[in-house]
Amino acid sequence: MIRYFTAGESHGPALSAIVEGMPAGVPINSDEINTQLARRQQGHGRGGRMKIETDKAEVLSGIRFGKTIGSPIGLVINNRDWENWTTTMAQFEKPDAEIAKISIPRPGHADLAGRIKFGFDDIRPVIERSSARETAARVAAGTLSKVFLKALGIEIGSYISAIGPAAEAAPDLRLAELLSQGAEAVSKQADLSPVRMLEKTTEAAALAAIDAAKENGDTLGGIIEIFVTGVPLGFGSYVQHDRRLDAALAAAIISIQAIKGVEIGSAFENARKPGSQGHDEFLLDKENGVTRKTNRAGGLEGSMSSGQIIHLRAAMKPISSLVSPLLSFDVETLQPTLSRFERSDTCAVPAAGVVAEAVVAPVIANALLEKLGGDHLDEILQRLNLYRENIRNTFRT
Ligand code: EPS
């Protein structure tokens, strides 16, 4: 099974990740991780930091001659901004220079609970590790699983359906066509847009909304649509809470900084409908076996993959570092005051879509490994093909 950890402070020397459990034989092109890191840096509404960084991952272990060798994969992404923070973030000797302590927590951020929980006399360490800068390391780590899955015919993609008040009225007409080519086709199309949207009218409204928010010292959240194509039915399990694939996917998405909601399929709309209109009826088809006209369940039934496209939706809150201050207080003096501004983005929803793809990948990869096992890509592909063939034979009439 694949496990990974990240380390690194936002303004420390580097971010790093260790990915353990990646099967051997997965071809990894050196550009693959960096392409995903560059995608994560894009998007209208990003702040000054993205002008400083050009994220590149160095691979320290686990890959030989362009293929994984089954051993832990070490990844490092240097922070170019570190050179501006060597005093504030000095690792050993406390510098002689006076370093201003931060004592005013930003509402909506980790600042207050982190400061009290860890017993700091300064909010700085909380800001450093809770920062969404950490998602660069997660994208690097998750890309390995994404590449592994792609080699097995399983693709992950995303696009943005809402930013602040700019929300698409209905899914773009091209969505079904793009998904029929595989979920990465959705991402490719979305990546052509500065807000990763498919629908042009919504894109224009989103760009205007971000510009207005920036002007007002405000921030915007939004909604991310995530798809996984090529997953056969029966990954995950209903037999125990920790084997449920829907729960694992929801947990992975919620673990992304600033994500406050996850929906599977059209769950919230379904909740307002009677059962007769809230499911995906089976249709038997001579050519394709079992088919459905709808995918309200988002490709997950009984906590297992249903064989339909997995569709997740994530709600990102507006970033909690605002130029326009919110009401706060000073933790040292207990005096009410306005929150301080920490350099940030106006909107990072497009980037969060790329992060969502990356965190979903190891969950799907693990569901696959749990079902089929295997230590080498070829062995796993053989098993998956046999499983797919068995499913096809079951439905052959
Ligand atoms: C972030 C604050 C900003 C963002 C950062 C997330 O960082 P800084 O304070 O250095 O300007 O730019 O995002 C990234 C650095 C990144 O790579 O995504 C925060 O507080 O979460």
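What comes next is a walk through the structure.

About the thresholds
- Residues numbered from 1 in each chain as written.
- Predicted model: local features only at pLDDT ≥ 70, side-chain atom pairs only at ≥ 80, totals over all residues.
- Heavy atoms only, no water.
- Phe/Tyr/Trp six-rings, centres within 6.5 Å; stacked < 30°, edge-to-face > 60°.
- Buried < 20%, exposed > 50% of the residue type's maximum accessible area, 1.4 Å probe, protein only.
- Helix = DSSP H or I, 4+ residues; strand = E, 2+ residues; numbered from the N terminus.
- Lys NZ or Arg CZ within 6 Å of the ring centre and 35° of its normal.
- Near = heavy atom within 4 Å.
- Polar contact = N/O pair within 3.5 Å; in protein donor to acceptor, adjacent residues only side chain to side chain.
- Areas by Shrake-Rupley, 256 points an atom, 1.4 Å probe, with all protein chains shown as cover.
- Nonpolar A, V, L, I, M, F, W, Y, C, P; charged D, E, K, R; others polar.

### Some remarks on the packing of aromatic side chains
- Under the defined criterion, the tally for this structure stands at two aromatic pairs.
- With a centroid separation of 5.6 Å and 20° between ring planes, the pair formed by F118 and F120 is classed as stacked.
- Looking at F118, the relative accessible area reads 55%, which means it is exposed.
- Exposure remark for F120: the relative accessible area of 27% places this residue in the partly exposed category.
- Consider the rings of Y159 and F227, whose centres lie 6.2 Å apart with planes at 5°: the pair is stacked. Of the two residues, Y159 sits in strand β7 (residues 155-163) while F227 sits in strand β9 (residues 222-229), which places them 68 residues apart along the sequence. Comparing Y159 with F227 shows no difference in burial state: the two are buried.
- Sitting over the face of the ring of F118, K117 holds its NZ or CZ atom 5.2 Å from the ring centroid.

### Brief notes about the site of the ligand
- The immediate surroundings of the ligand are formed by H11, R40, R46, R49, M50, H109, S131, A132, R133, R343 and D345.
- A distance of 2.6 Å is found between an oxygen atom of the ligand and a side-chain nitrogen or oxygen belonging to R40.
- Between the ligand and R343, the relevant distance is 2.6 Å, taken from an oxygen atom to a side-chain nitrogen or oxygen of the residue.
- Calculation on the ligand without its partners gives an accessible area of 460 Å², and the protein chains cover 94% of this total.
- Tallied by class, residues from the shell around the ligand come to two nonpolar, three polar and six charged.

Any link to function would need more than the numbers given here.
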